Amino acid sequence: MSIPIPRPLPNDSWDCMLPGPPSRNNFRSADLSPSGLLAFASGSSVSVVDSRSLQLVTTIPLPPPSSCLSSSSPSNSSFSLSPFVTSVRWTPLPLGRDLLSTEPSSSHLILAAADRHGRISLLDFRLRSIILSIDPPDPSSKSGIQDLCWAQARPDSFLLASLRGPSYLSLYNTSSSRCIFKYDASPEYLSCIRRDPFDSRHLCIIGLKGFLLSIKVLGETEDDIALKELQIRTDCTELLKQEKDAAAAGGSSSSSPASAVFPLYAVGLAFSPLWKHVIYVTFPRELVVFDLKYETTLFSAALPRGCAKFLDVLPDPNQELVYCAHLDGKLSIWRKKEGEQIHIMCTMEELMPSIGSSVPSPSVLAVLISHSESTIQNISKLYYDSSYSASDVDFDNPFDFCDDTRLVSKTHLISISDDGKVWSWILTAEGTGDMQKNVLNSGKFADVPEESTNTITIVSSNDGLTEEGSRQPDSINGFRIQLSNSTFGLADVTFKISLVGQLQLLSSTVTMLAVPSPSLTATLARGGNNPAIAVPLVALGTQSGTIDVIDVSANAVAVSFSVHNSTVRGLRWLGNSRLVSFSYTQVSEKTGGYINRLVVTCLRSGLNRTFRALQKPERAPIRALRVSSSGRYLLILFRDAPVEVWAMTKNPIMLRSLALPFTVLEWTLPTVPRPVQNGPSRQSSLSPKDNTAVAPEEAASSTMTSSSDSKAGNSDGSQDETSESFAFALVNGALGVFEVHGRRIRDFRPKWPSSSFVSSDGLITAMAYRLPHVVMGDRSGNIRWWDVTTGHSSSFNTHREGIRRIKFSPVVAGDRSRGRIAVLFYDNTFSVFELDSPDPLANSLLQPQFLGTLVLELDWLHLRTEKNDPLVLCIAGADSSFRLVDVNINEKKKSLGPPPRNIKERFRPMPLCCPVLLPTPHALALRMILQLGVKPSWFNTSGTTIDKRPHFIPGTASSSGDLRSYMIELPSVGDSVVPELFLKVLEPYRKEGCILDDERARLYATIANKGSATRFAFAAATFGEVSEALFWLQLPRAINHLMNKLINKTPQKASISDLDDSSLLSRITSKGKSTSETGRKDALSQGQRRLMAFEQEDLWESANERIPWHEKLEGEEAIQNRVHELVLVGNLEGAVSLLLSTSPESPHFYPNALRAVALSSAVSRSLLELAVKVVAANMVRTDRSLSGTHLLCAVGRYQEACSQLQDAGCWTDAATLAAAHLKGSDYARVLQRWAEHVLHAEHNIWRALILFIAAGAIQEALAALREAQQPDTAAMFILACHEIHAEFITNLVDSDDESGSSIKDTVVDLPGLNPANEDVIAVGEYFGEYQRKLVHLCMDSQPFSD
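Residues numbered from 1 in each chain as written. Predicted model: local features only at pLDDT ≥ 70, side-chain atom pairs only at ≥ 80, totals over all residues. Heavy atoms only, no water.

Draft legend 1. Spotlight on the overall build of the protein chain. Of the regular secondary structure elements, the protein chain holds 29 helices and 59 strands. For the protein chain, the proportion of its 1346 residues judged to be buried stands at 61%. Considering only contacts in the protein chain between residues 6 or more positions apart, those separated by 24 or more positions represent 63%. With an accessible surface of roughly 51,700 Å², the protein chain has 51% of that area assigned to carbon and sulfur atoms. (Helix = DSSP H or I, 4+ residues; strand = E, 2+ residues; numbered from the N terminus. Buried < 20%, exposed > 50% of the residue type's maximum accessible area, 1.4 Å probe, protein only. Contact = heavy atoms within 4.5 Å. Areas by Shrake-Rupley, 256 points an atom, 1.4 Å probe, with all protein chains shown as cover.)

The structure is reproduced here in structure tokens:
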């Protein structure tokens, strides 16, 4: 079933490949990791891109399934094709820090990929291997994978969930590669699966017809999986019709996934990152907000008229906004109304600009939202909310001027289109200075009209907005987030989307490949012996009519030309800077005429010039183009028509027409340069039958010279005395060589081989010619070669199918072999033969299966200058990929592989700043340097890459040789020498400028002196550890909360429990209450940080805001849940009113009545009397366990009620009840028990730590960190706590409180963190040991290089 051992991918050509464009066959498969790495499927490959700089990191071709490899053979290679990749998903595991018990691993860079045959692979692109392959239960069924998702089973392990075929769910334990759980949802079509951000054990799966499956993973066995089936009502009329049509057509098999059967019927699901239990679902024509706790729809909106169907749904991580992608490439923005779960579509933006796009327009396949950028925004919010000075303004940065336009929010989106482009967008919400001071930190939008200057306004509301006082917005360097006391009006906010980057990969299916071959004339004119410069470019013709020019040194598309309106059927280089290509279209099937289109494209100017344009259609289409190596002459081959010879001057001229029945034609390649004077190399004959030396190359040089590049061809008619020759074969097997000299074409008069050489059993289908050797291949698989100067000849049979292409390898002075050829067969496989050897077949390199794809075209890369340089093949795969393969053939070793890294390093136009890609020890070293605090000047270098950056980091470079001078201060934990060693290890990366990009480095410069916790949050966010970053952001609040409790000092803001009964009741029962009425919320309690809420007011307000969402819900179940919510927040009067509204005919009337009486007694005597009058006294049983909780609340036993709720698994409800009614140690006990549950059951250590600290259980928090084997985090935790504590005491003493000095005397240390405490000492020793181990690992690791 599986292969749990690492195995390298075939040929390991990871960094030498460009993928073809993704398509709908890849099922929208893309995933953006929290560290900013984008993975997406294209064909049978997975590409990894840095989402910030939009640079291709690597492309991973998946090998064919093992069952195919074992059954396929050279004669039957069609079975070795790799299937389409249909789903990719990054592992959620963070950077591993357990160095003392295990070796460093790259487990944080593992990627799960699944394909159309149902196979799941785990890829580690650091190790360049597949570490696990899970084959489908029935390989013959080929039931593809629809989607993948990870679910947490233990603190350090995740299960992999997959949707296989139309309706099968499977859960796999990836350590044992065993399927632990299966579920069949037939006849449903399952669409996608997502993980809950509030509980990583919880998954939700949505079906095309609204079937919703909720799964909670409680362990690693089948009995530990909890299921709940739900249904979202939606209109399935269109789907049923498509299903009927598909069944009638019989095209799709019953085992195909939903996206294969209904490619344009997309159903998307996303968890709300701000509200627990809330999910967003998009059906093709409907947006639904669904409450998992109430198991009901809170809101649904039909697609407005004129809008294309929904593709996917993306909630904003920090704002109350929802983005919906549409099939036509548009993005709609929906805002939530204040205090309600009602969403209004306010704008529509384009993700596929019409300018520069082909017709028909490309399709958007996937849209993703960057969570790493949202986390960084949270850090910038925190700092800029606390302090800002005019000196921080950067006058080179347009975002740094305090003009009338204010940036409210900034969201980073990535879209992928099927023309091979990856688009990077920044979506901004901007307000003007006239608005009444703009933003609430929570990101809640007031319910007011909105207009957008650059977008379509679909829906507007007419409610007014009351003006409230607010302070001046803060200006933010790089991230401008406006902070204010009140809500802002969307009447003054516009949404704008800006394209900030684009990555162009191969634009369409590759049909042709052309490599420039260097010419000699320019070099010979200077009297040298070396060939002219060879440009590192390869041109690819595509099915869409574009020509993509690849820069092989950068492994990137250098430029893309839209040349033809139909498939490019021929492509050749004219020298080094021009291309000639052709396409043809058939006029009509009746007349049978063809319109041939020939175009010359200049790479320097980008101009396309058509030549040989005829007024009428021609009888025959063009078959092929052949260009001489100088680029001066062009042969145009027609189907069943004469061959035309053209001189490719500035205005091409036809020289003559050759009416012979040619089958193949090939120009001679540039001749081999003369060997160096001080040691001519031994030249061997190509003929194994004759050992005489080949005629000297100089003898042919006089007749076989060629011009340089397009420069020589640009002068009209100015031909110098040079000539070039081409070899040909006729239909009857006859061979010949013609010479083109100026405008004359004459017979070359070669020395003919023996008469037996011409074979009548096979039509010649391929030829290669490099003076003096002509090599031919026929449709029977025979290879024959002939020396035109001596007449020597030989042949052998490859025992393969017919031969399509033969290519001579490039040679340089000193090469031992001149007869190495690459042969492409008609079965789309290839081999490399040594014709110099006595037995070419025995000394060949056969490659019948290549990387799981068929080879469409191949040619050699002409970049060798010395005999020790590698031979590199350029290959265009049938999967539309472009690959470079190194060919090593010598006496000892024959192999294929990627070009050696030490020969040609990849050129990048800008540094690849992605710290998570560094070797694990170096990544951990950088993480610690960022945590301990490094001066901004460390990011400056004198290297050329940094000099080209638009902004320098503030600060001046230090001239001191002691690297420790770069540290802000010597660390108070660990060894003070270690940072210097780390800085020394990281020096190569710093010189290359590939540690942090400008924006991140500038942000770090502003927060480096703002406290340890902020630096720790920045380091965690940089490495994609979002939960840890939120923990560090919340830590100061938690410590302050604890200290306020310890010194019994009332916080500035009155908490809920400090209010008297009457004010509390009036506050709760008041209608139309908005969040802004409670005063300004702290930024830390909003956005993503709601995941870390612990304060009483935060918990109470979050629960209170949900109540209006459910007011219109009907049904007994909904009433019970609403009563429960009202009791939790202390609104007993509302609960009594709701209970008494139960109909007497209802079976729940008496239980509800009993609770109404009990609850009314806690409110007032008059309400109790009213309730008693209504209720009869013959209740016999209770209906729910929660009723007991309500009775406990009625008699004021809130502690017991909280315990009962926690026993029932209602942890958030218990905390909400405690927040409303308990304080002091009673509240702390509820928090601590909740923390134990979050740590041991939900495996969320960061949320548990915050709860432990808020409850005063700091020793338990430290123990949890030690148990998780995170010595560095434990040490940094102690450091941050002491720093925050010291700041708190200082602020307390500096205050006007007379008791400040006495408090300082009594409260010195945090409980459990006294420096003399054994646990604290142990943490310090453990951290020192960790540092020493990390230093050794860093010294042993080689720096990461492209």
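Read on, since the account is not over.
Draft legend 2. Region of interest: the nonpolar core. Among the nonpolar cores identified, the biggest contains 156 residues, and L37, W938, F1031, L1035 and F1277 are the most heavily contacted of them. For this core, the element with the most residues is helix α27 (residues 1271-1294), which contributes 12 residues. Contact partners of L37, with chain neighbours within four places excluded, come to D31, L32, V48, V49, D50, V57, W90, L109, F125, C914, V916 and L917. (Core = buried A, V, L, I, M, F, W, Y, C linked by side-chain atoms within 4.5 Å.)

Draft legend 3. The sheet that holds strand β25 (residues 321-326), seen in detail. Across the sheet, which stays open at both edges, the four strands sit in the order β24-β25-β26-β27 with antiparallel pairing between neighbours. Strands at the two margins of the open sheet, each flanked by one partner only, are β24 (310-315) and β27 (343-350). For this sheet, the mean angle separating the axes of adjacent strands, direction not counted, is 25°. (Pairing = 2+ DSSP bridges. Axes fitted to C-alpha atoms, helices over the stretch in contact; angles between N-to-C directions.)

Draft legend 4. Region of interest: the sheet that holds strand β44 (residues 662-667). Overall, antiparallel pairing links the four strands, which are arranged β44-β45-β46-β47 in an open sheet. Because the sheet does not close on itself, it has two edges, and the strands there are β44 and β47 (744-747). Taking each pair of neighbouring strands and ignoring which way they run, the sheet shows an average axis angle of 30°. Taken together, the five bridges between β44 and strand β45 (residues 723-730) define a ladder with antiparallel strand orientation. Looking across to β45, one finds that L665 is bridged to F728.

Draft legend 5. Quick look at the state of the cysteines. Using the criterion set out here, one finds zero disulfides in the structure. For the unlinked cysteine C204, the closest cysteine sulfur is that of C192, found at 9.9 Å. Assessed through its relative accessible area of 0%, C204 is described here as buried. (Disulfide = S-S within 2.5 Å.)

Draft legend 6. Representation of the packing of aromatic side chains in the model. All chains considered together, the criterion is met by 19 aromatic pairs. When the ring of Y584 is compared with that of Y594, the centres are 5.7 Å apart and the planes differ by 85°; the resulting orientation is edge-to-face. Within this pair, whereas Y584 is found in strand β37 (residues 578-586), its partner Y594 is found in strand β38 (residues 594-602), the two being separated by 10 residues in sequence. Under the relative-accessibility criterion, Y584 is labelled buried at 15%. Here the aromatic cluster, defined as three or more aromatic residues joined through ring pairs, consists of Y633, F662, W667, F726, F728 and F738. The cationic tip of R569 hangs over the ring face of Y584; the distance from NZ or CZ to the ring centre is 4.4 Å. The ring of F825 has R800 lying over it, and the distance from NZ or CZ to the ring centre is 4.2 Å. (Phe/Tyr/Trp six-rings, centres within 6.5 Å; stacked < 30°, edge-to-face > 60°. Lys NZ or Arg CZ within 6 Å of the ring centre and 35° of its normal.)

Draft legend 7. Quick peek at helix α18 (residues 1132-1140). Those residues of α18 lying buried are L1132, A1135, V1136, L1138 and L1139. The arc that holds every buried residue of α18, seen down its axis, measures 165°, which confines them to one face. (Arc of directions from axis to C-beta.)

Draft legend 8. Fine view of the pairing of strand β49 (residues 773-778). Of all six residues that make up β49, six are buried, and the element is covered over most of its length. Alignment of strand β48 (residues 764-770) against β49, held across six bridges, turns out to be antiparallel. Note on β49: the bridge partner recorded for A766 is G777. Hairpin connection, β48 to β49: the antiparallel pair is bridged by two residues. Counting the residues that bridge the hairpin from β49 to strand β50 (residues 782-787) gives three residues, and of these G781 lies at a positive phi of roughly 90°.

Draft legend 9. Quick look at the pattern of salt bridges. The full count for this structure, using the stated rule, is 44 salt bridges. A salt bridge links E220 to R154; the shortest N-O distance between them is 2.6 Å. Here E220 is found in the loop between β18 (211-217) and β19 (225-231), whereas its partner R154 is found in strand β12 (residues 145-154), with 66 residues between them in sequence. Taking the relative accessible area as the measure of exposure, E220 reaches 21% and is therefore partly exposed. Among the ionic pairs, E857 bridges to R804, the shortest N-O distance being 3.2 Å. Of this pair, E857 sits in strand β56 (residues 855-860) while R804 is found in strand β52 (residues 803-808), placing the two residues 53 residues apart along the sequence. (Salt bridge = Lys/Arg side-chain N within 4 Å of Asp/Glu carboxyl O.)

Draft legend 10. Structural view of the confidence of the model for the protein chain. Confidence in the prediction for the protein chain averages 77 pLDDT; 74% of positions are at 70 or higher. Per-residue pLDDT stays below 50 along residues 386-404; that stretch engages in 33 contacts with residues further than four places along the chain or on separate chains. Contacts of residues 521-529 to residues separated by more than four positions or lying in other chains number 15 contacts, the stretch itself having pLDDT below 50. (pLDDT = per-residue confidence, 0-100.)

Draft legend 11. Here's a closer look at the pairing of strand β15 (residues 178-184). Across six bridges, strand β14 (residues 168-173) lies against β15 in antiparallel orientation. Along β15, the bridge assignment pairs Y168 with D184. If you look at the hairpin formed by β14 and β15, you'll find four residues sitting between the two strands, and S177 has a positive phi there, around 55°.

Draft legend 12. Main features of the packing of helix α23 (residues 1211-1221) against helix α24 (residues 1224-1240). Following both chains from N to C, one finds α23 and α24 inclined at 165°, their axes separated by 10 Å at the closest point. When the axis of α23 is compared with that of α24, the two are roughly antiparallel. Here α23 and α24 pass one another in a crossing that is left-handed. Contacts between α23 and α24 involve W1211, T1212, A1214, A1215, A1218 and A1219 on the former and, on the latter, Y1227, V1230, R1233, W1234 and H1237. Class assignment of the residues belonging to the contact of α23 with α24 gives a composition of eight nonpolar, two polar and one charged. (Parallel < 35°, antiparallel > 145°, perpendicular 65-115°, else oblique. Left-handed = near helix turned anticlockwise from the far one by under 90°. Nonpolar A, V, L, I, M, F, W, Y, C, P; charged D, E, K, R; others polar.)

Draft legend 13. Representation of the environment of A1201. With respect to the helices, strands and loops of the structure, A1201 is situated in helix α22 (residues 1198-1207). Its relative accessible area of 0% is what places A1201 among the buried residues. Separated by 17 residues in sequence, A1201 and A1218 place their C-alpha atoms 9.0 Å apart.

Draft legend 14. Fine view of the packing of helix α8 (residues 920-932) against helix α29 (residues 1318-1340). α29 packs onto α8 with a crossing angle of 130° between their chain directions and a minimal axis gap of 9 Å. Overall, the two elements α8 and α29 adopt an arrangement that is oblique. Considering how the two elements wind past one another, α8 and α29 form a crossing that is left-handed. Listed contacts from α29 to P921, H922, L924, A925 and M928 of α8 are F1327, Y1330, Q1331, L1334, L1337 and C1338. Partitioned by chemical class, the residues of the contact of α8 with α29 number nine nonpolar, two polar and no charged.

Draft legend 15. Up close: unusual backbone geometry. Along the chain, S186 connects to P187 via a cis peptide bond; the corresponding omega equals 10°. Mapped onto the secondary structure, P187 falls in the loop between β15 and β16 (190-195). We note that H1243 has phi near 60°; this positive angle belongs to a residue other than glycine. Here H1243 lies in the loop between α24 and α25 (1245-1254). For Q1269, which is not glycine, the phi torsion reads 55° and is therefore positive.

Draft legend 16. Structural context of the environment of R864. Structurally, the position occupied by R864 is in the loop between β56 and β57 (871-877). Between the C-alpha atom of R864 and that of V812, which follows or precedes it by 52 residues, the distance is 7.1 Å. Residue contacts for R864: discarding those within four places in its chain leaves P810, V811, V812, D815, D869, P870 and L871. A polar side-chain atom of R864 sits 3.0 Å from the main-chain carbonyl oxygen of P810. A distance of 3.1 Å separates a polar side-chain atom of R864 from the backbone oxygen of D869. (Polar contact = N/O pair within 3.5 Å; in protein donor to acceptor, adjacent residues only side chain to side chain.)

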